[in-house]
Amino acid sequence: MTPPQRILFPPENICMDWLHARRPGPGLRNLGSTCYVNVILQCLTYTPPLANYLLSRQHSRSCRQQDFCMMCIMEDHVRKIMYSLANAILPRAVLKSLKFIGEFQPDLAGDAYEFLCCALSAMQNACLTESSVLDPSSQATTVIYQIFGGFLRSRVMCLRCQAISDSYEAFLEVLLKIKAASSLTTVLENFVKPRVLDGKQCMKCSRYRKKMIASKKITIHHAPRVLTLCLGRVDVRSSRKISQVVEYPECLDLQPYTSEAAGEPLLYSLYAVVVHSGETCLAGHFFCYIKASDGLWYKMDDEAMDDCDIHTVLGQQAYLLFYIR
């Protein structure tokens, strides 16, 4: 991993705790097919370090972008949510910018995970005003990467001579396979479990100078401040929805799944959950649960907002999980 030549946003400036405690803001109106947008907006709005940064208006004060800027749009949205007295609002600016965020349209249903990836990518791009002259490591030091970003390590080892080859990949969210797993613990264990590379997947060993059978293991090398997990519910072979319940904890220790698995506990606390209801992945409805700055849990279902408890939150058929260190 090459050290960054420049730090775009100092990590010590990230404030992980809410600066002000208040009840959650209003729900979001649905145009008929925009529930996938609403749940992601709610989860991002109640991500403490991101909300703290957006409410400070640091970005808009120095932003020079003339047209579309996802950071400015999110800044306005979060401020509107936090200070609104309305029962529900329509996120007009976000909906008008769907074609710039990704290949989305207000009158067509979309996927919440896909929208999350595109929204984070659009915010990241808004922070890279000098992206053409920045090295990749420096690009991973924006406020978005300081909050959501981490690095995966892929270690390939020759099973004959034990030679090791490491590569690293930055991430803002992690997609996990859940088939045949009943708990998040099992899902993460399967994620870091070594697999054998043989046949066409064999690695070219630097010592023997030919392809050899090897093992490959992926681990979390640098853990993010906010961990976003997608429990992949699409069966790749049949395209059907995987509807099994995967148990997930309120408090997660990520250390066993890192490159230094024997270190001190790396504890995360659950603060948002996205749920998909419906028989297939191509149809249905999205709603979410968020933990507001007052420390209480709420169910956000478009315009509706209801109090709930942690037992209700943990009993869902989760699609997206948001954890904070």
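The name given to the chain in an unreviewed UniProt entry is UBP42 hydrolase, with Piprites chloris as the source organism.

### Looking at the overall build of the chain
From N to C terminus, the chain includes 11 helices and 16 strands. A compact globule built from 325 residues should have a C-alpha radius of gyration of about 20 Å, and the chain, at 21 Å, falls within 12% of that. For the C-alpha atoms alone, the extent of the chain along its principal axes is close to 70 × 45 × 40 Å. Every one of the 325 residues in the chain was classed for burial, and the buried ones make up 48%. Sequence separation of 24 or more characterises 67% of the internal contacts of the chain that already satisfy a separation of 6 or more. About 16500 Å² of surface is accessible on the chain, with carbon and sulfur atoms providing 49% of the total.

### Brief notes about helix H4 (residues 70-83)
With 14 residues, H4 extends 20 Å between its outermost C-alpha atoms, agreeing within 8% with the 20 Å of an ideal straight helix rising 1.5 Å per residue. Taken across its 14 residues, H4 has 10 buried, putting it largely inside the fold. Every buried residue of H4 is accounted for by Met70, Met71, Cys72, Ile73, Met74, Glu75, His77, Val78, Ile81 and Met82.

### Regarding helix H1 (residues 35-45)
Every α-helix carries 3.6 residues per turn, so stepping three or four residues along brings you back to the same face. For H1, the buried fraction is high: 11 of the 11 residues fall into the buried class. Of the positions making up H1, those classed as buried are Cys35, Tyr36, Val37, Asn38, Val39, Ile40, Leu41, Gln42, Cys43, Leu44 and Thr45.

### Topic: the pairing of strand S5 (residues 174-177)
What you see with S5 is a clean split: Val174 and Leu176 sit on the buried side and Leu175 and Lys177 on the side with no burial. Alignment of S5 against strand S10 (residues 226-232), held across 4 bridges, turns out to be parallel. Looking across to S10, one finds that Lys177 is bridged to Gly232.

### Notes on the nonpolar core
Counting residues in hydrophobic clusters, the biggest one holds 65 residues, and the most contacted among them are Met71, Phe115 and Leu320. Tallying contributions element by element places helix H7 (residues 112-126) first for this core, with 9 residues. Residue contacts for Met71: discarding those within four places in its chain leaves Tyr53, Leu54, His59, Met123, Ala126, Cys127, Val143 and Ile144. Membership of the second largest hydrophobic core comes to 34 residues, among which are Leu152, Leu176, Leu227 and Ile310.

### Here we look at the packing of H4 against H7
Contact geometry of H4 with H7 gives a least axis separation of 7 Å together with a crossing angle of 110°. Compared by their axis directions, H4 and H7 come out roughly perpendicular. On the side of H4, the interface is formed by Met70, Met71 and Met74, while H7 contributes Ala119, Ala122, Met123 and Ala126. Partitioned by chemical class, the residues of the contact of H4 with H7 number 7 nonpolar, no polar and no charged.

### Observations concerning the state of the cysteines
In the structure shown here, the tally under the stated rule is 0 disulfides. As a non-bridged cysteine, Cys15 has Cys127 as the owner of its nearest cysteine sulfur, 18 Å distant. A relative accessible area of 29% means that Cys15 is categorised as partly exposed. Looking at the unpaired Cys72, the closest cysteine sulfur is the one in Cys69, lying at 3.6 Å.

### Details of the packing of aromatic side chains
Within the structure shown, the criterion is met by 8 aromatic pairs. Relative to Phe115, the ring of Tyr36 has its centre 5.8 Å away and its plane inclined at 85°; by these criteria the two rings are edge-to-face. Here the residue Tyr36 occupies a position in helix H1, and Phe115 occupies one in helix H7, the gap between them amounting to 79 residues. Judged by its relative accessible area of 1%, Tyr36 is buried. With a relative accessible area of 0%, Phe115 lands in the buried category. Each residue in the set Tyr36, Phe104 and Phe115 is aromatic and connected to the rest through ring pairs, giving one cluster. We note Lys299 situated over the ring of Phe287; from NZ or CZ to the ring centre the distance is 4.6 Å.

What counts and how
- Residues numbered from 1 in each chain as written.
- Predicted model: local features only at pLDDT ≥ 70, side-chain atom pairs only at ≥ 80, totals over all residues.
- Heavy atoms only, no water.
- Helix = DSSP H or I, 4+ residues; strand = E, 2+ residues; numbered from the N terminus.
- Rg over C-alpha atoms; globule rule 2.2 N^0.38 Å.
- Buried < 20%, exposed > 50% of the residue type's maximum accessible area, 1.4 Å probe, protein only.
- Contact = heavy atoms within 4.5 Å.
- Areas by Shrake-Rupley, 256 points an atom, 1.4 Å probe, with all protein chains shown as cover.
- Expected span 1.5 Å × (residues − 1).
- Pairing = 2+ DSSP bridges.
- Core = buried A, V, L, I, M, F, W, Y, C linked by side-chain atoms within 4.5 Å.
- Axes fitted to C-alpha atoms, helices over the stretch in contact; angles between N-to-C directions.
- Parallel < 35°, antiparallel > 145°, perpendicular 65-115°, else oblique.
- Nonpolar A, V, L, I, M, F, W, Y, C, P; charged D, E, K, R; others polar.
- Disulfide = S-S within 2.5 Å.
- Phe/Tyr/Trp six-rings, centres within 6.5 Å; stacked < 30°, edge-to-face > 60°.
- Lys NZ or Arg CZ within 6 Å of the ring centre and 35° of its normal.

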